[in-house]
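Structural overview
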Amino acid sequence: MSSSLPSEHRALVLVSRESGFQVRTFPTPQPGPGSAVVRIAAAGILPYHRETYNGKRPMPFPTPLVGGFGAIGHIAAVGTDATVLKAGQLVYVDCVIRSRDDPACVFLSAIYEGSSDGSKKLMRDTWRDGTFAEYAKVPLENCIPLDEPSLCDIQGYSLQDLAYMAFLLVPYGGLRDIKLEPGETIIVCPATGFYGSLGVQVAIAMGARVIALGRNEEKLARLKEDIRSRTPGANIETVKTTGDEEKDVTALQAYGSVDAVLDITPSDAAMSTHTRSAIKALRLGGRVSLMGSTKNIAVPEILVNNLTLKGKMMYEREAILQFVKMLERGLFPQGEHFAETKVFQLDDWKEGFDEGAEHNGIGKCVVFAP
Ligand SMILES: NC(=O)c1ccc[n+]([C@@H]2O[C@H](COP(=O)([O-])OP(=O)(O)OC[C@H]3O[C@@H](n4cnc5c(N)ncnc54)[C@H](OP(=O)(O)O)[C@@H]3O)[C@@H](O)[C@H]2O)c1
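Just so you know, the residues in each chain are numbered from 1, in the order the chain's sequence is written. It should be noted that, the model being predicted, local features are given only for residues of pLDDT at least 70 and side-chain atom pairs only at 80 or more, the latter also being counted only at that level, while totals for whole chains, interfaces and linings use all residues. Only hydrogens and water are set aside when side-chain values are computed; all heavy atoms of the structure are taken into account.

1. Notes on the sheet that holds strand β12 (residues 209-214)
Strand order in the open sheet formed by six strands is β13-β12-β11-β14-β15-β16, and the pairing between neighbours is parallel. Taken across any chain shown, the strands that pair with only one partner, and hence form the sheet edges, are β13 (236-240) and β16 (308-311). Across the sheet, the mean angle from the axis of one strand to that of its neighbour is 20 degrees, orientation sign disregarded. Two strands are counted as paired when DSSP detects at least two bridges linking them. Under the DSSP-based scheme used, a helix requires at least four consecutive residues in state H or I and a strand at least two consecutive residues in state E, with every element numbered from the N terminus. Where strand β11 (residues 185-189) meets strand β14 (residues 258-263), four bridges bridge the pair, whose relative direction is parallel. When the bridges of β14 are listed, Val188 appears paired with Leu262. Helix α8 (residues 245-253) rests against β11, β12, β13 and β14 of the sheet, and its axis sits at about 165 degrees to β13. Think of each axis as a best-fit line through the C-alpha atoms, taken over the contacting stretch in the case of a helix, with angles from 0 to 180 degrees between the N-to-C directions. Here, two residues are considered to be in contact whenever any of their heavy atoms come within 4.5 Å of each other.

In structure tokens form, the structure reads like this:
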């Protein structure tokens, strides 16, 4: 099954955090049972990839390793146990890898080795390398089939633009986990950051009304404009925090009954009162997805209002399949309105990582096209 693979390919290798990246030529990975080899067309660059790999934003992972994140590509070869995936199929390659004999062992390919002995073992010994390469060997279950004629020919997405879905999937994991329904009202806080703003976009695509909570009025206004320019008539309101917890609750409740909260607070804002205000604004029986690093939550309002709080790390495979259905059914902005994508070659890795740190948020995407 691997006869079409070239003998060698190029990959972007982080030799060590101190010495940085090099583009090197390696033997092309070969598929075995439980795996596929994908010809990578576009691999997403995160706003924090640069700092992750240079050690300024410390994340545990082994080196050397081929960098990476979620990617789009065509199956080049599959192991003998593949039953659906075939050479030539367009796929989304996901970065969340779970142990097959213990799903609690989870790590993020090429970014984070996880916290269990099992996840560290799996990343170090078996699935070390990511998608910043011409070819990547990945678990079969991490390849999600995409309907190329529908997405590319009818809806007008380029392969590079499709990599934007890798970013949207993160907040989708939390929104799906708390079963956000069309017509419901959800507070996203803080709404102006990377994952917060994407959370607003995904919640809108799911048919919800969003109250975007943040501390910067100009950024909130820009966010609303970004959303409305891509999704005319989107139900989005904004509330600027004042630092006065109760005042902010009142401002949020001015929009009526609130069903849910997506909290994606970065560690810099761990003690900000926005999470408490958002939770206090919920109706009886409301739900909260905790995806960030808040340390400012109080029990009384959770108890009195019978609230459900759920932590969420990324998402499961079923969530990706569901997300792809949303994309294929046209629930996201079409064609060029989906993403303005900047494309870099592996040799231009420094410029790619720098651009990733700048060009991100709603409708913005940076990729390597190896
Ligand atoms: N659960 C998961 O699977 C998962 C996956 C990925 C990331 N995460 C987590 O998600 C969180 C957010 O990541 P991100 O990349 O979106 O972060 P980010 O872009 O750096 O977040 C910036 C946001 O935080 C606000 N902010 C910063 N400092 C603040 C302060 N002192 N008070 C109030 N607001 C403040 C910013 O407001 P301004 O715009 O006004 O500056 C902006 O809205 C992180 O904790 C990350 O670890 C979780």
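2. Details of unusual backbone geometry
In this model, Thr63 is joined to Pro64 through a cis peptide bond whose omega is -5 degrees. Looking at where Pro64 falls in the secondary structure, it is placed in the loop between α1 (49-54) and β4 (65-66). Residue Pro190 follows Cys189 across a cis peptide bond; omega there is -15 degrees. Looking at where Pro190 falls in the secondary structure, it is placed in the loop between β11 and α6 (194-205). One non-glycine residue, Ala110, lies in positive phi territory at about 65 degrees. Examined against the element boundaries, Ala110 turns out to sit in the loop between β8 (106-108) and α2 (117-125).

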